[in-house]
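Chain by chain, the residues run as shown.
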2 protein chains.
Amino acid sequence: MLAEFRQAEILAAARRVFSKRGYEAATLDEIAAAAGLAKGTLYLYFDNKEAIFWEAVRERLLGLRRRAREVMAQAPDVPARLRAAIAVRCELMRTDAEFMRIYLTEFGHLCAHPTRFRKNFRELYLEMAHDLAAVVEQGMREGALRPGPPLETALMLALMVRDVFTSRFLGLFEEQSDPEQFIFDLFWRGVRNHAAPAAGGS
Amino acid sequence: MLAEFRQAEILAAARRVFSKRGYEAATLDEIAAAAGLAKGTLYLYFDNKEAIFWEAVRERLLGLRRRAREVMAQAPDVPARLRAAIAVRCELMRTDAEFMRIYLTEFGHLCAHPTRFRKNFRELYLEMAHDLAAVVEQGMREGALRPGPPLETALMLALMVRDVFTSRFLGLFEEQSDPEQFIFDLFWRGVRNHAAPAAGGS
DNA sequence: GCATAAAATGACTGGCCGGTCAGTTCATTG
DNA sequence: CAATGAACTGACCGGCCAGTCATTTTATGC
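In this report, we go over the structure that sits alongside the text. (Residues numbered from 1 in each chain as written. Chains lettered and ligands numbered in written order. Predicted model: local features only at pLDDT ≥ 70, side-chain atom pairs only at ≥ 80, totals over all residues. Heavy atoms only, no water.)

## Concerning the side chain of R15 of chain A
Which entries qualify depends on this criterion: Elements are defined by DSSP. Helices are runs of H or I of four residues or more, strands are runs of E of two residues or more, and each kind is numbered from the N terminus. Any two residues whose heavy atoms approach within 4.5 Å are treated as being in contact.
Note on placement: R15 of chain A falls in helix 1 (residues 2–21). Beyond its immediate chain neighbours, meaning those up to four positions away, R15 of chain A contacts A56, E59, R60, E98 and I102 of chain A.

Below, the structure is given as structure tokens:
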């Protein structure tokens, strides 16, 4: 119980440091200092650096998945669900700048290199994509979306959110623009069945 | 002249190693060995590891920009230009798997951390985005595309190509699907002015 | 206030790697 | 066949850092 609290403290500190320096450049001494502990203490709670990183990411992804399922379940129809899926992701990016930075900068490594956590990450990420794909599939069944590969389409939506926030790193999509609306506009028009009567989008 | 050839050899070797191991994990000894040289020799041609990496990336980005401008200039209308922009990017991703891996995995770091080459990368990347944005703007002026922020829209197109190939790292978009068509379908429907008569897309 | 355990510490180690440079090889030229 | 210099080499250095563990500090129970 104290242990869990300590763990959470360490993970919070880890996110702070990983976000500032990137996975490779971050040192355990830094993370320990940020948590107000000594390096050795970290090893009482986690196996190694990799485990700390993965847990720090996993915690947030699990939270995102839970919230995404909730809001999608509450939305009345397919376009509203897609909108909700976008909103919850944008919300996370806006409210947790530290996680955002980690997610955006380390995503490539998480996907590409056969580290121990690549498998874990892939698995969790695909679960979220499948949640979204179920909505896309429903839309196609109902005729609101034009036919296409549901999983690939769902994945594109998730990645588009990442893209917008990545772009901010390059100095675009400044405050003036509304990422949520921009993504929904582009994606919804892109996938909806223009022959069918419009339901939720413009 | 010999020097240029050597440089190119080193950059090719560097791309091979960086793509296999990632920027941080790649060592100069490895790159030198891959080029059939000793580590010290690298320093006769480049200042340091960072410079090798940047040159290896830059070479390809410049080539991409040149080709993209060519094919876009030859295309007859806006949708054809967008299609060409997608095609030339997919082409690069397909033919140069090494560059693709580097681009996908290190992009986040290139964007996020204030390294020496972040500035260079950003500059070159935005130049390419502006090339595309000019086409988007033309489409909006002509009425084929609905109004919107041209640069952000252009950037999304470029990032969507990256997304599709990123997805391949996660085990999707396998051989069966045609990335080029998928992206064009989604993007073109997403941006075109549905009130206006359709020009190039479905 | 003592005994015992639980939690935390931080100096230390072993390995790694970017970068250096004194020395070697090789090609060219007179 | 020197003599010259350009190209190349690789052992070495200094610094860094993940992970360890003997020791110290703090908490708990009696």
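## Let's talk about the nonpolar core
Which entries qualify depends on this criterion: For this analysis, a nonpolar core means a set of buried residues of the types Ala, Val, Leu, Ile, Met, Phe, Trp, Tyr and Cys, connected via side-chain atoms within 4.5 Å. Accessibility here uses a 1.4 Å probe with only protein chains present; expressed as a share of the type maximum, an area under 20% marks a residue as buried, one over 50% as exposed, and anything in between as partly exposed.
If you look at the biggest cluster of nonpolar residues, it comprises 144 residues, and the most contacted ones within it are L82 and Y125 of chain A together with L82 and Y125 of chain B. In this view, Y125 of chain B contacts L170 of chain A together with Y103, F107, L155, A158 and L159 of chain B; residues no more than four positions away in its chain are not counted.

## Some remarks on the protein's contact with DNA strand C
Applied cut-off: What makes a residue near a molecule or strand is one non-hydrogen atom of that residue sitting within 4 Å of it. The term polar contact refers here to a pair of N or O atoms within 3.5 Å; inside protein, the definition further demands a hydrogen-donor-capable atom paired with an acceptor-capable atom, and it admits residues adjacent in sequence only when both atoms are side-chain atoms. Only Asp, Glu, Lys and Arg are considered charged, only Ala, Val, Leu, Ile, Met, Phe, Trp, Tyr, Cys and Pro nonpolar, and every remaining residue, Gly among them, polar.
Every one of the 15 residues lining DNA strand C counts as a neighbour, but R6, A38, T41 and Y45 of chain A together with K39 of chain B are closest to it. A breakdown of the atoms of DNA strand C within 4 Å of the protein gives sugar and phosphate a share of 56%. Between DNA strand C and A38 of chain A there is a distance of 2.7 Å, counted from a phosphate oxygen to a backbone nitrogen or oxygen. Only helix 3 (39–45) of chain A together with helix 3 (39–45) of chain B provide two or more residues apiece to the surface near DNA strand C. Top element by residues in the surface near DNA strand C is helix 3 of chain A. It accounts for four residues. Partitioning the surface near DNA strand C into residue classes produces seven nonpolar, five polar and three charged.

## Regarding the interface of chain A and chain B
Convention followed: Accessible-area loss on putting two parts together, using a 1.4 Å probe and summing over both, is the definition of buried area adopted here. Whenever Lys or Arg places a side-chain nitrogen within 4 Å of a carboxyl oxygen from Asp or Glu, that contact is recorded as a salt bridge.
Each partner contributes to the interface: chain A provides 47 residues, whereas chain B provides 47 residues. For the pairing of chain A and chain B, the buried interface totals around 4,000 Å² over both sides, and the portion due to carbon and sulfur atoms is 68%. Contact with chain B buries area across many residues of chain A, yet M156, L170 and L186 of chain A alone supply 17% of it, more than any other trio. There are two salt bridges connecting chain A and chain B. Here D163 of chain B ties to R162 of chain A by a salt bridge, and the two come within 3.7 Å at their closest N and O atoms. Where chain A packs against chain B, one counts ten residue pairs in polar contact (both at pLDDT 80 or more). Of all the elements in the fold, those that place two or more residues in the side of chain A that touches chain B are helix 1, helix 6 (97–112), helix 7 (116–142), helix 8 (150–169) and helix 9 (179–191) of chain A. Examining the composition of the side of chain A that touches chain B, we find that 13 residues originate from one element, helix 8 of chain A, more than from any other. Counted by class, the side of chain A that touches chain B contains 21 nonpolar, 13 polar and 13 charged residues.

## What to know about helix 8 (residues 150–169) of chain B
All names here are of chain B. Filter applied, for reference: In this scheme, a helix's expected span is set at 1.5 Å multiplied by one less than its residue total.
The terminal C-alpha atoms of helix 8 lie 30 Å apart, and with 20 residues this matches the ideal 28 Å at 1.5 Å per residue to within 8%. Counting buried positions along helix 8 yields 18 of 20 residues, so the element is predominantly enclosed. At the exit of helix 8 stands G171, carrying a positive phi of roughly 90°.

## Examining the packing of aromatic side chains
As a reminder, the rule being used: Centres within 6.5 Å make a pair out of two Phe, Tyr or Trp rings, where for Trp the six-membered ring is used; the pair is then stacked when the planes are under 30 degrees apart, edge-to-face when over 60, and tilted otherwise. By definition, being over a ring means that NZ of Lys or CZ of Arg is both within 6 Å of the ring centre and within 35 degrees of the ring normal.
Per the counting criterion, the structure on display carries 22 aromatic pairs over all chains. Geometrically, the ring pair formed by F99 of chain B and Y103 of chain B is stacked, given 5.7 Å between the ring centres and 15° between the ring planes. Of this pair, F99 of chain B and Y103 of chain B both sit in helix 6 (residues 97–112), four residues apart, which is roughly one turn of that helix. The burial state of F99 of chain B is the same as that of Y103 of chain B; both residues are buried. An aromatic cluster is built from F99, Y103, F107, F121 and Y125 of chain A, whose rings are joined through pairwise contacts. When the ring centre of F184 of chain A is taken as reference, the NZ or CZ atom of R83 of chain A above it lies at 4.0 Å.

## Overview of the environment of A85 of chain B
Residue and element names in this part refer to chain B. Topologically, A85 is positioned in helix 5 (residues 78–95). In this structure the C-alpha to C-alpha distance between A85 and V135, which are 50 residues apart in sequence, comes to 9.9 Å. Leave out the neighbours within four places in its chain, and A85 touches M72 and L132.

Geometry only, nothing functional implied.
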